[in-house]
Structures are given as C-alpha cells and as structure tokens.
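# Overview (structure and organization)
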Amino acid sequence: MLTPCIHGFPADQCASCRDCPHGLAVNRCARCRAAATSRRTSTTKPVAHAAEEYAGYEIFYEPGLTGWRYRAADASPSPLSYRSRFLARRAVDEAIAGGSSTPPTKPAARKAKAARGRTTA
C-alpha cells in the first residue's frame, strides 16, 4: 500500500508530489507542462455554422471570408460580408427597405469627403 502524500492522495498520483522522468515534481517541470498543454489545445473541434432563412433570404457563413453573407433565392451572394449573423440580418432588412447595400462610412471619411466637395474662395 502506497503512503498518501500531504494532499491525501497516493504519492504517485498527486500532481504536486509526483516526480516526472526529468527528476522534478510534475507541476514544476516545464517540459512535462508543455507536453500536457499542447495535447489539450490540439483536441479543439471546429465550430459548425448553420445557414438560416430570414425574410426570404438565406444567411450563410463563408469560411474563406470568415464572415456572414446573404442571398435571395436564385441570386448571387451579397458583395459584402458581415462579422455576425445579426449584422447580416440587418443588411437584409436594409435591402428589403430599399436601402443601399454599401457599408456605412466612418465619420472621418465623411468629413474628408465633405471637405473635398467644398470650394475655397
């Protein structure tokens, strides 16, 4: 019978007290910790993005763009991609309302555009 360590576990099963093959405690050995963390990160599964139907438009995720796009039935996809499904639904609402599908410009770009349109006397 193995004697328990100060943490109450058998000494060869306690991560704080067990010795690794490198002669250090397992929780203090950089090589053993690096091997354990690399195994944990490699088991992640990719997230599946399901397409949805919204107001007669299909909203789908395009991995090449890492963004969401929309398209009407028998139509080509939107020229823009959106960061979230919510933004794609909002773009569909604007397309239905007759708004343009161009992205809004930043305030600095609007100011520069307005400054170019002004004439100096």
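The notes below deal with the structure included here. (Residues numbered from 1 in each chain as written. Predicted model: local features only at pLDDT ≥ 70, side-chain atom pairs only at ≥ 80, totals over all residues. Heavy atoms only, no water.)

Let's shift gears to unusual backbone geometry. With phi around 50°, Thr66 is a residue other than glycine that occupies positive phi space. Located in the positive-phi region is Asp74, a residue other than glycine, with phi close to 60°. For Asp74, the location among the structural elements is in the loop between strand 3 (67-72) and helix 2 (85-97). (Helix = DSSP H or I, 4+ residues; strand = E, 2+ residues; numbered from the N terminus.)

This brings us to the sheet that holds strand 3. Pairing within the open sheet is antiparallel, and its 3 strands lie in the order 1-2-3. Two strands lie at the open edges of the sheet, namely strand 1 (52-54) and strand 3, each paired on one side alone. Taking the axes of each pair of neighbouring strands and ignoring which way they run, one obtains an average angle of 35° across the sheet. Bridge count between strand 2 (residues 57-62) and strand 3: 6 bridges; the pairing is antiparallel. Bridge pairing in strand 3 links Tyr57 to Ala72. Packed onto the sheet, helix 2 meets strand 1, strand 2 and strand 3 and runs at close to 145° relative to strand 2. (Pairing = 2+ DSSP bridges. Axes fitted to C-alpha atoms, helices over the stretch in contact; angles between N-to-C directions. Contact = heavy atoms within 4.5 Å.)

We now examine the side chain of Glu52. One can find Glu52 in strand 1. One polar contact links Glu52 to Arg89, side chain to side chain, over a distance of 3.0 Å. Apart from the residues within four sequence positions on either side, Glu52 is in contact with Tyr57, Glu58, Ile59, Arg85 and Arg89. (Polar contact = N/O pair within 3.5 Å; in protein donor to acceptor, adjacent residues only side chain to side chain.)

So, on to the side chain of Arg69. By secondary structure assignment, the location of Arg69 is in strand 3. By relative accessible area, Arg69 is classed as buried at 13%. A distance of 2.4 Å separates a polar atom in the side chain of Arg69 from the backbone oxygen of Ser78. Those residues in contact with Arg69, other than ones at most four positions away along the chain, are Glu58, Ile59, Phe60, Glu62, Pro77, Ser78, Pro79, Leu80 and Ser81. (Buried < 20%, exposed > 50% of the residue type's maximum accessible area, 1.4 Å probe, protein only.)

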